[in-house]
Amino acid sequence: VLEARIVELEGQIEEREQQLLEVATSNNDVAGELAREIQEELEQLKRDHEREKALMTARITELEEELSYWQSTNNDNEEAMSSQRRQQEKLQKETESLSNRILELE
């Protein structure tokens, strides 16, 4: 969504710059006032563009941090499961060993 808004703002900036160029080539008072209005609008569009880019950059940073957190959590869980499997295997071997020992004693 943010990326689409940025592309939209870039298109509007380009359009306003073209209008400003066309008005600047005209030599009358109305054109001068129109040029000032277009220039103000262009400056606002550029500010909006920069704000949207900053928001997108901030959101990307947030998502990267969240991804890092979940990857770390996943690794921790995998290590815990691996440790648990090793413990279960050890207990299974001990159980088998004790069962065999009991059978030998009978």
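Residues numbered from 1 in each chain as written. Predicted model: local features only at pLDDT ≥ 70, side-chain atom pairs only at ≥ 80, totals over all residues. Heavy atoms only, no water.

### Some points on the overall build of the chain
In terms of helices and strands, the chain carries two helices and zero strands. Over its C-alpha atoms the chain spans a radius of gyration of 34 Å, topping by over 25% the 13 Å that the globule rule assigns to 106 residues. Principal-axis analysis of the C-alpha atoms places the extent of the chain at approximately 115 × 15 × 15 Å. Here the chain, with 106 residues, has 14% of them falling under the buried criterion. (Helix = DSSP H or I, 4+ residues; strand = E, 2+ residues; numbered from the N terminus. Rg over C-alpha atoms; globule rule 2.2 N^0.38 Å. Buried < 20%, exposed > 50% of the residue type's maximum accessible area, 1.4 Å probe, protein only.)

### A word on helix α1 (residues 2–24)
With 23 residues, α1 should cover 33 Å at 1.5 Å per step; its first-to-last C-alpha distance of 32 Å lies within 8% of that length. The set of residues buried in α1 consists of I6, L9, I13, R16, L20 and V23. (Expected span 1.5 Å × (residues − 1).)

### Concerning the pattern of salt bridges
The tally for this structure, following the rule as stated, stands at eight salt bridges. Notably, a salt bridge pairs R16 with E15, separated by 3.3 Å at the nearest N-O pair. Residue R16 is classed as buried on the basis of its relative accessible area of 18%. The partner of R16 in a salt bridge is E41, with the nearest N and O atoms 2.5 Å apart. (Salt bridge = Lys/Arg side-chain N within 4 Å of Asp/Glu carboxyl O.)

### Some points on the environment of K93
Its location among the elements puts K93 in helix α2 (residues 29–105). For K93 and T73, which are 20 residues apart along the polypeptide, the C-alpha to C-alpha distance reads 30 Å.

### A closer look at the side chain of D48
Relative to the elements of secondary structure, D48 occurs in helix α2. Looking at D48, the relative accessible area reads 12%, which means it is buried.

### Considerations on the environment of Q88
Position of Q88 relative to the elements: it lies in helix α2. For Q88, a relative accessible area of 49% corresponds to the partly exposed category. Placed twelve residues apart in sequence, Q88 and D76 show a C-alpha to C-alpha distance of 18 Å.

### Digging into the environment of I6
Looking at the secondary structure, you find I6 in helix α1. Among residues more than four places away in sequence, those in contact with I6 are H49, E52, K53 and M56. (Contact = heavy atoms within 4.5 Å.)

### Remarks on the packing of aromatic side chains
Under the definition given, this model contains one aromatic pair. On the numbers, 5.0 Å between centres and 75° between planes, the contact of Y69 with W70 is edge-to-face. (Phe/Tyr/Trp six-rings, centres within 6.5 Å; stacked < 30°, edge-to-face > 60°.)

### Here we look at the nonpolar core
One finds L9, I13, L20, V23, A35, I38, L42 and L45 forming the largest nonpolar core, which totals eight residues. For this core, the elements supplying multiple residues, two or more each, are α1 and α2. Excluding anything up to four places from it in sequence, L42 contacts I13, R16, E17 and L20. (Core = buried A, V, L, I, M, F, W, Y, C linked by side-chain atoms within 4.5 Å.)

Any functional reading would require information that these geometric values do not contain.
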